[in-house]
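Coordinates in review
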Amino acid sequence: MVGKVVKFGGTSLGDASRIARAADAVVVARSEGPVAVVVSAMAGVTNRLAGIAELAVQDAAAAAAAARALVASHADIAAELGAAPDGDLPWTPARIGRQLDESLPALAAGDAAARDILLASGEKLAAWLLLGVVQARGVAAAIVPAEVLVRTSGRHGNAEVDRTATSAAIAARGAGFWQGLLRIVPGFTGASPDGRTTTLGRNASDYSAALLAAALGWPLEIWTDVAGCYSADPRLVAGARLLRHLSLADANRFAHAGASVIHARTLEPLLERPVPLTIVNSFASDAQSTRIGGEVSEPLRGLALRHDLSLARGARALTAAAAFDQGDDVYADAPAAVVAVSEDGAETAVPVALLSVFDDTAGASLPHRCREALAASDLVPLALWWSRRERCVRIALAAADGQPALRALHRLLIAGDAPVPIHLAVIGASGRVGRRLLELVAEQRPSLRARGFDLRVVAAVNSRKAVVDAAGIEPAAVGARLAAANEATLAQWSHDLLARPERPLVLVDCTASADVAARYPDWLAAGIDIVTPNKHGPSAAAPLAGAIAEAQRQSGARLLHETTVGAQLPLLRTLRELTSAGDRVETLEAVLSGTLSYVLGRLQQDVPFSAAVREAVALGYAEPHPGADLSGADAARKLVILLRALGVAIDLDEIHLQPLVDAERLREPDAGRLLDTLEDQDAPWQRAAEAARAAGECWIYRASWQGGIAQLRAERVPLSHPLARLLPCENALRLSSSYYRAAPLTVAGPGAGIDLTAAGVFADLLEVIARHQPVEPLRQMPAGAPLRAVA
Ligand SMILES: NC(=O)C1=CN([C@@H]2O[C@H](COP(=O)(O)OP(=O)(O)OC[C@H]3O[C@@H](n4cnc5c(N)ncnc54)[C@H](O)[C@@H]3O)[C@@H](O)[C@H]2O)C=CC1
Ligand SMILES: N[C@@H](CC=O)C(=O)O
C-alpha cells in the first residue's frame, strides 16, 4: 500500500499551537493511509543549540544551564498541550538532558561528535512533542531514530549520506513496519559507519524526508510557511506567481540557480527514484501549493537570484565567468565562492549578483529579450550568457543591481502588463478610520490600477474577529465577512499574517491599541510595511521603539505614521526633513489635541462642557475611549512623536501633564459611562470661560517645549495670542529653531477628523506603494571596477 511522507519544518512546529495544528494534519493524513513523518527542530532551536556548543567552550556551567532550559522548554510545551507520549520511547527530554550533561566535557574540548549529538537533539525533542500530541488524538504512533535509517560518512557537522545503504536500511524494515504504526523520524540526523550520531548540514531535514520518500516510493509533502515555489522570491518581487506544477528536472534546474524554498540536494533522491513532492503552506487557509514531479508540469518560467557570489576583477574575468556553468558545483556550497579569477590570479573579488532567467516558452530569443529588458530599465550587466546546460540566461550584475534587475525582468518578461498586486491587511477594519479607509481603497483602486498597481485587501481584523483571504476581500464586503468570521485572538491572526507569503504586504493599523503596536517589530522584521494613525508605536518607550527601528533597518520594511500628529496637516515629514537638513529646535508651543481644541473652543461659544465633549465624540475627533483625550495622554503621545521628529530623544514619562478633568473619573473603562459623568463639569467650566472672556482671554490646551521641559496643560491666553485664533478642532504649531529664529514656523489647520485621518493614512499607503514601482532608476557601476562585458 502506498502511503506518504510528510515533513514539517521548524516554523510549522514553532510553538504549542502550531504543533497542535501539525498533529491535526497528521491525523487527517493517517485516516487516508500510511504516513511517515519527518520533523525539523522547532523554529530557532538549532541556532540555540549551536550557541550552547560555542558557550560550552568558554563556560561549561552556563552551557549546561542553557541546555537544561532548552530541554525544559519542550517539556513545558508538552504540559501546555497536555500530551506526553507513552510506550517504548527511544528518548525523553529527561534522557536527552542527561545525555547533554554527559557530553559537556567533550563539547568544551570542541569535539565535533559531541556537537552533533547536541545539535541533533532539537529534532529528537520535536519528534517527542509531536508523538505525544498525535497519540493524544488516538493515533498509534512511534518514533524511529534516524540513526538506524540514515547511513552517513563520519564527517561530523556535514556528513555525506550513503544513499544506497540508507535506502537498504529503510527498505529492510519491511512494508509492514511502515504501513502499520505512524512513524515519526527526526530529520537532519544520521549515523556514521561506527554508529555515532551525525548531522547532515543546515536545513537538511527536507533531504532526510526526500531520502525516506524515495526509499519507500511514497509521495512527499513538505509543510512549510510558504505555499511553494514562486516565479521569483515573493519577498523581493511584488506579483511573483506561484508555480503550481513543475517537473522534477525543472525544479532541479531552478533550485540549482538559487530559487528559494527547495534546496537542490533535496531533489537528488527524488531524481533517482521519482516520487512527487508537494510543498504545502501549513498556515494558509487557502490550499495553494507547488507540486513537483508527477504527471502534469508547466513550462518553467521564473527568475532566481544569487547574491552570495564574487567576481574577480581583471580582463579575463568575465570570459572565465562563463566557465561557471561548466564547473560542477563551484558555487553550490561556499558562502562566497569566486565565480572567476583575475588575470594575475589574485582574488580581488567584487561582490556580484547572478540572475538566472528561465522561460521555457521563449525559445532562442530569451537572451535578446533579457538584454532589451535590462536596457529598458537602465541596467547594465557585467556579463550575460546562455547556459546550455541549464537552459537559462545567466546575468552577472553589480551586487546593488541584483534586486532591481530581478524586479524589472520579472515584470517585463514574466508578469507582462499584469498590475503589481499590493496586499493590504486592515486592522481595526470595523472602526471609523478603518471603514473610511476601505471606502478610499474602493474609490481609488481604478486610478491605481491605471498606474500599474492592484490594491487587494487580503486580511481584515477587528478586536474580536479576523478574515484572511489571499484571493482578496471586496472592501465593501469586509463588514459582512467579519461578521461571519470566526473569533480570532491577536496572537492567532498575527501568526496567520506572518505566514502569508504575499509581498508587498502592507498592514494598516487603524486601532488605538498598544497590544497591536507591540507586534510591529515582528511584522516589520517579516518585511511587512506598516501604515498607521495609531500613536502607541511611534511614541513607545525605549525597548519597543528600539525594536521597531531595528526591524526596519534589518528588513527594509517601513513604518509610516504621518497622521499621528495633526491628522493630514503637513507636519512630521517637514519637521524630519528640516532636522536632517541641520535645523535645531529651540522652543515650540502647540495645540495638539483636536478634541480639546474643539471642546475649549465650544466653551467660548457658550456650549456646556459635557455637551461639547459629546459633540467632539460624535464628530469623530475623540479617541475610541475619550478618556485618552480628556486626560491629555493622547496629546502627550503626539508631543513625544513631534519632538522625536525634531530629533529630541524623549519618552512619555518625561512629559509634565495636567489632565483636563480629574484623573479619578477617567478610570471609568466604559466610554459611554464616562460621558455620563461629565455634567458636573459644566458649571465650573462655564465660570472659567466667563472669567477668561472678561479678561480678554480664552482657554487652550497648550503643549510646549522650552528649556528641555515638555508640558501639556489647559492655559488662559490673550485673545490676540496666535494659538487663541483657532477654530474648534484646529491644531497649530509654532516652532522657533536655528532656521526659524526671526519668525517662528507656523502650521495650523484641522487636526482631527475621520475623513482627514483616513485620507492621510491613504497618502502614506501611496508612499509605500510607490516604492514597489517595478522598474527602478539607474544604479551606478561600482567605482573602479574595470570589468568588461562579454555578452
Ligand atoms: N479620529 C481622528 O481624528 C484621528 C484618529 N487617529 C487614530 O486613528 C485610530 C483609529 O481611530 P477610530 O477609527 O476612531 O477608532 P475606532 O474605535 O472607531 O476603531 C478602532 C478599531 O480597532 C479595532 N481594535 C481595537 N483593538 C484591537 C485589537 N487589539 N486588535 C484588532 N483590532 C482592534 C476595533 O474593533 C475597531 O475596529 C486611533 O489610533 C486614533 O488615535 C489619528 C489621528 C486622528
Ligand atoms: N483624538 C485625537 C485625534 C487623533 O489623533 C485628537 O483629538 O486630536
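Residues numbered from 1 in each chain as written. Chains lettered and ligands numbered in written order. Predicted model: local features only at pLDDT ≥ 70, side-chain atom pairs only at ≥ 80, totals over all residues. Heavy atoms only, no water.

1. Some thoughts on the overall build of the protein
Our working rule: Runs of H or I in DSSP of at least four residues are treated as helices and runs of E of at least two as strands, each being numbered from the N terminus. Buried residues are those whose accessible area, probed at 1.4 Å on protein chains only, stays under 20% of the maximum for their type, while exposed residues exceed 50% and partly exposed ones sit between those limits. Only the protein chains shown count as cover for residues, and all accessible areas are computed by the Shrake-Rupley method using a 1.4 Å probe.
When you go through the protein residue by residue, the secondary structure sums to 27 helices and 26 strands. When the 791 residues of the protein are sorted by exposure, 55% land in the buried category. On the protein, roughly 31,800 Å² of surface is accessible, and the fraction owed to carbon and sulfur atoms is 52%.

2. Here we look at the sheet that holds strand E4 (residues 182-186)
Short version of the rule: Strands are labelled as partners when DSSP assigns at least two bridges between them. Only heavy atoms matter for contacts: two residues are in contact if any of them lie within 4.5 Å across the pair. Comment: axis = line fitted to C-alpha atoms, over the contacting stretch for helices; angle = value between 0 and 180 degrees taken between N-to-C directions.
Overall, mixed pairing links the 8 strands, which are arranged E3-E4-E2-E1-E7-E9-E10-E8 in an open sheet. With one partner strand each, in any of the chains shown, strand E3 (141-143) and strand E8 (245-246) form the two edges of the open sheet. With 4 bridges connecting them, strand E1 (residues 4-8) and strand E7 (residues 220-224) associate as parallel partners. Bridging across to E7, Val5 finds its partner in Leu220. Running over the sheet, helix H8 (residues 205-216) touches E1, strand E2 (35-39), E4 and E7 and is turned about 175° from E1.

3. Comments concerning the sheet that holds strand E20 (residues 559-560)
Taken together, 6 strands build an open sheet; the order of strands is E17-E16-E15-E18-E19-E20 and the sheet is mixed. The strands lining the two open edges of the sheet, one partner per strand, are strand E17 (466-468) and E20.

4. What to know about the confidence of the model for the protein
The condition that has to hold: Each residue gets a pLDDT score, which is the predictor's confidence in that residue and runs from 0 to 100.
Looking at the protein, pLDDT values average 89 and 92% of them are 70 or higher. Here residues 313-323 is modelled with pLDDT under 50, and outside its nearest four sequence neighbours on either side it reaches 35 contacts, counting other chains as well. Within the model, pLDDT remains below 50 along residues 327-346, and this stretch shows 44 contacts once partners closer than five positions in the same chain are excluded. Across the predicted assembly, pTM comes out at 0.66 and ipTM at 0.98.

5. Looking at the site of ligand 1
In plain terms, the rule: Throughout, the term near means that a residue has one or more heavy atoms lying within 4 Å of the molecule or strand in question. Counting of polar contacts relies on pairs of N or O atoms within 3.5 Å, with two restrictions inside protein: one atom must be capable of donating a hydrogen and the other of accepting it, and residues adjacent in sequence are counted only when both atoms are side-chain atoms. Cavities and pockets were defined on a 1 Å grid built from protein atoms only: a cavity is a group of points that admits a 1.4 Å probe but offers it no way out, a pocket is an open group of points flanked by protein on both sides within 12 Å along at least five of seven lines, and a lining residue is one with an atom within 4 Å of any such point. Should more than half of a molecule's atoms lie within 2 Å of a pocket's or cavity's grid points, that molecule is taken to sit in it. Segment limits for the domains were obtained from an automatic or database-derived domain assignment.
Lining the immediate surroundings of ligand 1 are 25 residues, of which Arg432, Thr511, Lys535, Glu623 and Gly753 lie closest. One of the backbone nitrogen or oxygen atoms of Gly431 is found 3.0 Å away from an oxygen atom of ligand 1. A distance of 2.6 Å separates an oxygen atom of ligand 1 from a polar atom in the backbone of Gly753. Contact with the protein chains removes 86% of the 840 Å² of surface that ligand 1 exposes when unbound. In this structure, ligand 1 is accommodated by the second largest pocket. Of all the secondary structure elements, the ones that give two or more residues to the shell around ligand 1 are helix H14 (432-450) and helix H27 (754-770). Each of domain 3 (420-540 + 766-770) and domain 4 (571-752) contributes no fewer than three residues to the shell around ligand 1.

6. Remarks on the nonpolar core
Where we set the bar: The term nonpolar core refers to a set of buried residues drawn from Ala, Val, Leu, Ile, Met, Phe, Trp, Tyr and Cys, joined through side-chain atoms within 4.5 Å.
If you look at the biggest cluster of nonpolar residues, it comprises 102 residues, and the most contacted ones within it are Val5, Phe8, Leu130 and Trp178. Here this core gathers at least three residues from each of two domains, domain 1 (4-224) and domain 2 (301-418 + 783-790). Discounting residues that sit within four places of it in the chain, Phe8 has contacts with Leu13, Ala22, Ala25, Val26, Val37, Val38, Val39, Ser40, Leu130 and Trp223. Membership of the second largest hydrophobic core comes to 57 residues, among which are Ala612, Leu666, Leu678 and Ala703.

7. Topic: empty space enclosed by the protein
Definition in use: Grid points are joined across faces, edges and corners, and a volume is the space filled by probe spheres set on the points. We call Asp, Glu, Lys and Arg charged. Ala, Val, Leu, Ile, Met, Phe, Trp, Tyr, Cys and Pro are nonpolar, and the rest, Gly among them, are polar.
If you walk through the whole model with that rule in mind, you get 4 cavities of 30 Å³ or more. A volume near 110 Å³ is recorded for the largest cavity. Residue lining of the largest cavity: 14 residues in total, with Ser597, Trp699, Ile700, Leu723 and Leu726 positioned closest to the centre. Elements that contribute at least two residues to the lining of the largest cavity include exactly helix H21 (594-604) and strand E23 (697-706). In terms of residue class, the lining of the largest cavity is made up of 11 nonpolar, 3 polar and no charged. Counted as a void, the second largest cavity has a volume near 50 Å³. If you list the elements that add at least two residues to the lining of the second largest cavity, you get E4 and H8. Across the lining of the second largest cavity, the residue classes break down as 8 nonpolar, 2 polar and no charged.

8. Re unusual backbone geometry
Unlike most non-glycine residues, Asp378 shows phi in positive territory, near 60°. Positionally, Asp378 belongs in the loop between helix H12 (366-376) and strand E13 (383-387). The phi torsion at Ala567 lies on the positive side, around 50°, for a residue other than glycine. Along the chain, Ala567 turns up in the loop between E20 and helix H20 (572-580).

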